[in-house]
Amino acid sequence: MKLLVAALEIELDAFPDHIPGYERLVTGAGKLKATFELTRALTSGNFTEIVIVGTAGSIDPEAASGVHEIAHAIQHDVYDLQGTRGSHLALDQTVSTGRPGVTIATGDFFVQDADEVAEIRALGASLVDMETFAYIWVAQRMGIPVRAARAVSDSASDGAILTFRERVALCSAELWEWFQAECLTA
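Here is a short report on the structure shown in this document. (Residues numbered from 1 in each chain as written. Predicted model: local features only at pLDDT ≥ 70, side-chain atom pairs only at ≥ 80, totals over all residues. Heavy atoms only, no water.)

## Observations concerning the overall build of the protein
Part 1: When its secondary structure is counted, the protein shows four helices and eight strands.
Part 2: In the protein, the order of α-helices and β-strands from amino to carboxyl end is β-β-α-β-β-β-β-α-β-α-β-α.
Part 3: A burial count over the protein gives 50% of its 186 residues as buried.
Part 4: At a minimum sequence separation of 6, the contacts of the protein that also span at least 24 residues come to 72%.
Part 5: Of the roughly 8,500 Å² of accessible surface on the protein, a fraction of 54% belongs to carbon and sulfur atoms. (Helix = DSSP H or I, 4+ residues; strand = E, 2+ residues; numbered from the N terminus. Buried < 20%, exposed > 50% of the residue type's maximum accessible area, 1.4 Å probe, protein only. Contact = heavy atoms within 4.5 Å. Areas by Shrake-Rupley, 256 points an atom, 1.4 Å probe, with all protein chains shown as cover.)

Printed below as a string of structure tokens:
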């Protein structure tokens, strides 16, 4: 059995309620909820793969729209003792899916400020979200292969939260198309 994971139920609106071979998990937004709910699901089930879908803000013109598979995730809201952004005191700086794709920066706040975008972009990320680092980190610790795809919902700039609310249903449809092509045919 495989596990289909999203942070918000609305991100799965275009998906059927039952997909053969998949169990579905909605964790809630943010790194703590993502970590807790995914860990709980993995310890109570026997999963061969985790497929993460959801939305993300774009901070790179090369990733301004569409669905992007995630290769690496970093945290943009952590600092080490020297004040280096993106470096955690006790966690890996980068986690990887082992697949080709873009780098996403995860943090526990909705990015919608141009100065913030510039700082996060300097870390090497193309997208921002609130869960991917946590999902990949847990999957690695549990030894389960993981892949992640994010549909661009907004430009992570002023007013991004309004764009997100308008676009999330469209993103769900884009993710369902990606999922059918990438996960149901494999």
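Continuing now.
## As for the packing of helix H1 (residues 31–44) against helix H3 (residues 132–142)
Part 1: Contact geometry of H1 with H3 gives a least axis separation of 9 Å together with a crossing angle of 30 degrees. The pairing of H1 with H3 is recorded here as roughly parallel in orientation. The two elements H1 and H3 cross, and the hand of that crossing is right-handed. Every residue of H3 that contacts H1 at Lys31, Ala34, Thr35, Leu38, Thr39, Leu42 and Thr43 is listed here: Ala134, Tyr135, Val138 and Met142.
Part 2: Broken down by class, the residue content of the contact of H1 with H3 amounts to seven nonpolar, three polar and one charged. (Axes fitted to C-alpha atoms, helices over the stretch in contact; angles between N-to-C directions. Parallel < 35°, antiparallel > 145°, perpendicular 65-115°, else oblique. Left-handed = near helix turned anticlockwise from the far one by under 90°. Nonpolar A, V, L, I, M, F, W, Y, C, P; charged D, E, K, R; others polar.)

## Re the pattern of salt bridges
Part 1: Scanning the model with the defined rule gives ten salt bridges in all.
Part 2: Notably, a salt bridge pairs glutamate 69 with arginine 147, separated by 3.1 Å at the nearest N-O pair. Of this pair, glutamate 69 sits in strand E4 (residues 67–75) while arginine 147 is found in strand E8 (residues 146–154), placing the two residues 78 residues apart along the sequence.
Part 3: Residue class for arginine 147 comes out buried when judged on its relative accessible area of 5%.
Part 4: A salt bridge links glutamate 131 to arginine 150, with the shortest nitrogen-to-oxygen separation between them at 3.7 Å. Here glutamate 131, found in the loop between strand E7 (127–129) and H3, pairs with arginine 150, found in strand E8; they are 19 residues apart in sequence, far enough to count as distant.
Part 5: Owing to a relative accessible area of 5%, glutamate 131 belongs among the buried residues under this scheme.
Part 6: A single salt-bridge network, built from bridges that share partners, covers Glu69, Arg99, Arg147 and Glu182. (Salt bridge = Lys/Arg side-chain N within 4 Å of Asp/Glu carboxyl O.)

## Quick notes on the nonpolar core
Part 1: Leu3, Val5, Leu38, Leu42, Ile50 and Leu127 are the most contacted members of the largest nonpolar core, which totals 29 residues.
Part 2: Listed by contribution, the elements that provide at least two residues to this core are strand E1 (2–6), H1, strand E3 (49–58), E4, strand E6 (102–106), H3 and E8.
Part 3: Among the elements that make up this core, the one with the highest residue count is H3 (six residues).
Part 4: Apart from the residues within four sequence positions on either side, leucine 3 is in contact with Tyr22, Glu23, Arg24, Leu25, Leu38, Ala41, Leu42, Phe47, Glu49, Ile50 and Val51. (Core = buried A, V, L, I, M, F, W, Y, C linked by side-chain atoms within 4.5 Å.)

## Observations concerning the packing of aromatic side chains
Part 1: Tallying each qualifying case throughout the model produces four aromatic pairs.
Part 2: Both rings, one in tyrosine 22 and one in phenylalanine 179, keep their centres 4.9 Å apart while their planes meet at 65 degrees; by these two values the pair is edge-to-face. With tyrosine 22 in strand E2 (residues 22–26) and phenylalanine 179 in helix H4 (residues 160–182), the pair connects residues that are 157 residues apart, well separated along the chain. In terms of burial, tyrosine 22 and phenylalanine 179 fall into one category: buried.
Part 3: Through successive ring pairs, a cluster of aromatic residues spans Phe15, Tyr22, Trp176 and Phe179. (Phe/Tyr/Trp six-rings, centres within 6.5 Å; stacked < 30°, edge-to-face > 60°.)

Any functional reading would require information that these geometric values do not contain.
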